[in-house]
Amino acid sequence: MSDDKEYAIELEKVSKEYPPHGKAGAVSALRDVTVHLRAGTSIAIRGDSGSGKTTLLNLLGGMDSASQGRVVVGGWDLGHLSEPDLCEYRATKVGFVFQTFNLLPELTALENVELPMEAVRTGRSERTARATRLLESVGMGERTRHRPGRLSGGEQQRVAIARALANDPDVILADEPTGNLDQRSRNVVLRLLQTVREKYGTTIVIVTHDPSVAASCEKEYRIKKGNLRWVADHAPVVTSSADDDEEDDDEPSPDDGDRSDR
Ligand SMILES: Nc1ncnc2c1ncn2[C@@H]1O[C@H](COP(=O)(O)OP(=O)(O)O)[C@@H](O)[C@H]1O
Ligand SMILES: [Mg+2]
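A quick note: this is a predicted structure, and the numbers were derived from the prediction, not measured. (Residues numbered from 1 in each chain as written. Chains lettered and ligands numbered in written order. Predicted model: local features only at pLDDT ≥ 70, side-chain atom pairs only at ≥ 80, totals over all residues.)

**Here we look at the sheet that holds strand S2 (residues 27-38)**
Next, step 1: As summarised here, the arrangement of the four strands in space is S2-S1-S4-S5, forming an open sheet in which the pairing is antiparallel. Bordering the open sheet on either side are S2 and strand S5 (76-77), each of which pairs with just one other strand.
Next, step 2: As paired elements, strand S1 (residues 7-18) and S2 share eight bridges and run antiparallel to each other. Among the inter-strand pairings, Glu10 is bridged to a residue of S2, identified as His36.
Next, step 3: Its contacts with the sheet put helix H1 (residues 53-60) on S1, S2 and strand S4 (68-73), and the angle it makes with S1 is roughly 125°. (Pairing = 2+ DSSP bridges. Helix = DSSP H or I, 4+ residues; strand = E, 2+ residues; numbered from the N terminus. Contact = placed C-beta atoms within 7 Å. Axes fitted to C-alpha atoms, helices over the stretch in contact; angles between N-to-C directions.)

Now the structure itself:
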């Protein structure tokens, strides 16, 4: 652990090279990236396909290591963790949200959200109670027994957000979280992520190539060929708007028509 608790995320001159493989040459996926983010910030990183977005999230998530530089998240210096500490970090400090939701199809929504808690040996009753609460908080309280195949894309992503929150992480890392959603579900998911930030003080990192996603975050960065730069700050999104038409999404009923993005 580092002493500096001021920042939730610190990247200091971080580079990532993938070594040559077969006929493919070496790739410089991140170049000298430096960024400091305070806890409870939401940040969007925009960039074209191949610009290094997923690589950056993988480093923040402790799924891969930097070639050079320092990655510190929530005071954990990821380059200097033992394998057991790294496992604990991945399981409890960060939550992942993916473009393709990545729920386990044979498990119910509730079981999917319980899974990360099972991994850290949370007791059954506590697990079930917390998973139920989290599903309620993302507007999925009526669907806890549904399997992913019976949920729309937007609903699956809400379950995935509840799963990401299961072990109360400091940071949520979202890789194109709205890439597979229609506009309506996209807005619901973006608002939900901002609500999470407000409610729990979670730091939210969203990578996307969608310019409108960036506007929902407080800070917007751009990544190009592995180079990251700040582009804009945005006013925080007010998530408690009463005058929108997505209201009914917060209390989904089994036969609402929102299946277009499944
Ligand atoms: N495991 C890997 N091995 C080799 N090259 C990779 C690997 N993962 C990504 N790359 C390369 O690194 C660059 C950045 O990829 P990535 O981070 O996936 O970009 P993005 O998520 O923005 O599309 C690309 O040129 C990609 O081909
Ligand atoms: Mg990617």
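**Details of the site of ligand 1**
Next, step 1: In the vicinity of ligand 1, the contacting residues are Tyr18, Val27, Ala29, Gly47, Ser49, Gly50, Ser51, Gly52, Lys53, Thr54 and Thr55.
Next, step 2: Looking at the shell around ligand 1, the elements that each hand over two or more residues are S2 and H1.
Next, step 3: The element best represented in the shell around ligand 1 is H1, accounting for three residues. (Near = placed C-beta within 6 Å.)

**With respect to the nonpolar core**
Where a protein is soluble and globular, its nonpolar side chains tend to be buried together.
Next, step 1: By size, the foremost hydrophobic cluster in this structure holds 64 residues, and its most contacted members are Leu135, Leu193 and Val205.
Next, step 2: Among residues more than four places away in sequence, those in contact with Val205 are Ile43, Ile45, Leu57, Leu60, Val171, Leu173 and Ala174. (Core = buried A, V, L, I, M, F, W, Y, C linked by C-beta atoms within 7 Å. Buried ≥ 20, exposed ≤ 12 C-beta atoms within 10 Å, placed from the backbone.)

**Some remarks on the confidence of the model for the chain**
Next, step 1: Put simply, the chain has an average pLDDT of 90, and 88% of its residues get 70 or more.
Next, step 2: Every residue in residues 241-262 scores below 50 in pLDDT, and together they form 27 contacts with partners more than four places removed in sequence or on other chains. (pLDDT = per-residue confidence, 0-100.)

**Side note on helix H5 (residues 153-164)**
Since one α-helical turn is 3.6 residues long, residues separated by three or four positions face the same way.
Next, step 1: Between its first and last C-alpha, H5 extends 16 Å over twelve residues, near the 16 Å set by a 1.5 Å rise per residue.
Next, step 2: Counting buried residues along H5, twelve of its twelve residues qualify, which places the element largely inside the surrounding structure.
Next, step 3: Within the span of H5, buried status applies to Gly153, Gly154, Glu155, Gln156, Gln157, Arg158, Val159, Ala160, Ile161, Ala162, Arg163 and Ala164.
Next, step 4: Where H5 is buried, its residues contact strand S6 (94-98), helix H3 (109-119), helix H4 (124-137), strand S7 (171-175) and helix H6 (183-200). (Expected span 1.5 Å × (residues − 1).)

**What about the sheet that holds strand S9 (residues 219-224)?**
Next, step 1: In space, the six strands of this open sheet follow the order S6-S7-S8-S3-S9-S10, with mixed pairing throughout. With one partner strand each, in any of the chains shown, S6 and strand S10 (227-233) form the two edges of the open sheet. Averaged over all pairs of adjacent strands, the angle between strand axes in this sheet comes to 20°, irrespective of strand direction.
Next, step 2: Sheet contacts for H6: strand S3 (42-46), S7 and strand S8 (203-208); angle to S8, the most-contacted strand, approximately 160°.

**Some words on the pairing of S4**
Next, step 1: Bridge count between S1 and S4: five bridges; the pairing is antiparallel. Bridge pairing in S4 links Leu11 to Val71.
Next, step 2: The sheet contact formed by S4 and S5 spans two bridges and is antiparallel. From the neighbouring strand, Val73 faces S5, where its bridge partner is Trp76.

**Concerning H4**
Next, step 1: Compared with an ideal rise of 1.5 Å per residue, which puts 14 residues at 20 Å, H4 spans 20 Å between its outermost C-alpha atoms and is within 8% of the ideal.
Next, step 2: Three or more residues of H4 are buried, namely Arg127, Ala131, Leu134 and Leu135. For H4, the angular spread of the buried residues around the axis is 100°, confining them to a single face. Turned more than 90 degrees away from the buried face of H4 sit Ser125, Glu126 and Ala129, all of them exposed.
Next, step 3: In this fold, the buried residues of H4 make contact with H3 and H5.
Next, step 4: Just past H4, the residue Gly139 takes up positive phi, approximately 80°. (Arc of directions from axis to C-beta.)

**A few points about the pairing of S8**
Every regular strand shows the same layout, with side chains that alternate between the two sheet faces.
Next, step 1: Taking burial as the measure, the six residues of S8 include six buried ones, the bulk of the element.
Next, step 2: Of the two faces of S8, both are covered, the one formed by Thr203, Val205 and Val207 as well as the one formed by Ile204, Ile206 and Thr208.
Next, step 3: Pairing of S3 with S8, which is carried by five bridges, proceeds in the parallel orientation. Pairing of Ile43 across the sheet is with Val205, part of S8.
Next, step 4: Pairing between S7 and S8: five bridges, direction parallel. Within S8, the position partnered with Val171 by the bridge is Thr203.
Next, step 5: This β-α-β element, S7 to H6 to S8, shows right-handed connectivity. (Right-handed = clockwise from strand over helix to strand, strands pointing away.)

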